[in-house]
Amino acid sequence: MKVTIRDGEPVERAIKRFKRKVEQAGVIKEVRKREHFVKPSVEKKLKKRAAIARARKRARQGDS
């Protein structure tokens, strides 16, 4: 990520733009994801649980 400071722009504002760019690019999320190795079988199980939870949530929202 790269942010150039414009003429007369406070450094704090440039830092804020930098943080926003990093957040939008998903860099922090990716780093946290790669912090620890997750076995493929565990990853598959977690994805399945998340899918079930999403389905339950959609079913609850459809009832009301």
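Calculation rules
All residue numbers refer to positions counted from 1 along the written sequence of the respective chain. Totals for whole chains, interfaces and linings use every residue, but because this is a predicted model, local features are given only for residues with pLDDT of at least 70 and side-chain atom pairs only at 80 or more, for both listing and counting. Heavy atoms throughout the structure, all of them, feed into the side-chain values; hydrogens and water do not. Put simply, a patch holds well-exposed residues, over 30% relative accessible area, that have no salt bridge, with like charges counted together within 9 Å and Val, Leu, Ile, Met, Phe, Trp or Tyr side chains within 5 Å. Areas reported here follow the Shrake-Rupley algorithm with a probe of radius 1.4 Å; residue values treat only the protein chains shown as occluding. Salt bridge, as used here: a side-chain nitrogen of Lys or Arg that lies within 4 Å of a carboxyl oxygen of Asp or Glu. Numbering of helices and strands runs from the N terminus; a helix is a DSSP stretch of H or I covering at least four residues, while a strand is a stretch of E covering at least two. Only protein chains enter the accessibility calculation, which uses a 1.4 Å probe; a residue is then buried when its area is under 20% of its type maximum, exposed when over 50%, and partly exposed in between. Here, residues are in contact when the closest pair of their heavy atoms is within 4.5 Å. pLDDT: the predictor's confidence for each residue, scored from 0 to 100.

K.L.:
I would appreciate a short explanation of a nonpolar patch on the surface in the present structure.
P.N.:
The grouping of Met1, Phe18, Val27 and Val31 at the surface amounts to a nonpolar patch, some 370 Å² of accessible area in total. Position of phenylalanine 18 among the secondary structure elements: in helix α1 (residues 11–25). In this structure phenylalanine 18 comes out as partly exposed when scored by relative accessible area, which is 35%.

K.L.:
Explanation requested: the environment of phenylalanine 18 in the structure shown.
P.N.:
Sequence separation between phenylalanine 18 and methionine 1 is 17 residues, and the spatial gap between their C-alpha atoms is 7.3 Å. With sequence-adjacent residues up to four places away left out, phenylalanine 18 is seen in contact with Met1 and Val3.

K.L.:
It is not clear to me how the confidence of the model for the chain should be interpreted in this structure. Could you clarify?
P.N.:
For the chain, the mean per-residue pLDDT works out to 93, and 98% of the residues sit at or above 70. The least confident element of the chain is helix α2 (residues 27–34), whose mean pLDDT is 92; the most confident is α1, at 95.

K.L.:
Explanation requested: the pattern of salt bridges in the structure shown.
P.N.:
When their charged atoms lie close together, side chains carrying opposite charge are able to pair. Inspection of every chain in the model, using the stated rule, returns 2 salt bridges. The salt bridge involving arginine 17 is made with glutamate 9; its shortest N-O contact spans 3.0 Å. Glutamate 9 gets classed as buried once you look at its relative accessible area, which sits at 12%. We note a salt bridge from glutamate 30 to arginine 34, for which the minimum N-O separation is 2.5 Å. You can see glutamate 30 and its partner arginine 34 sitting in helix α2, 4 residues apart, about one turn around the helix.

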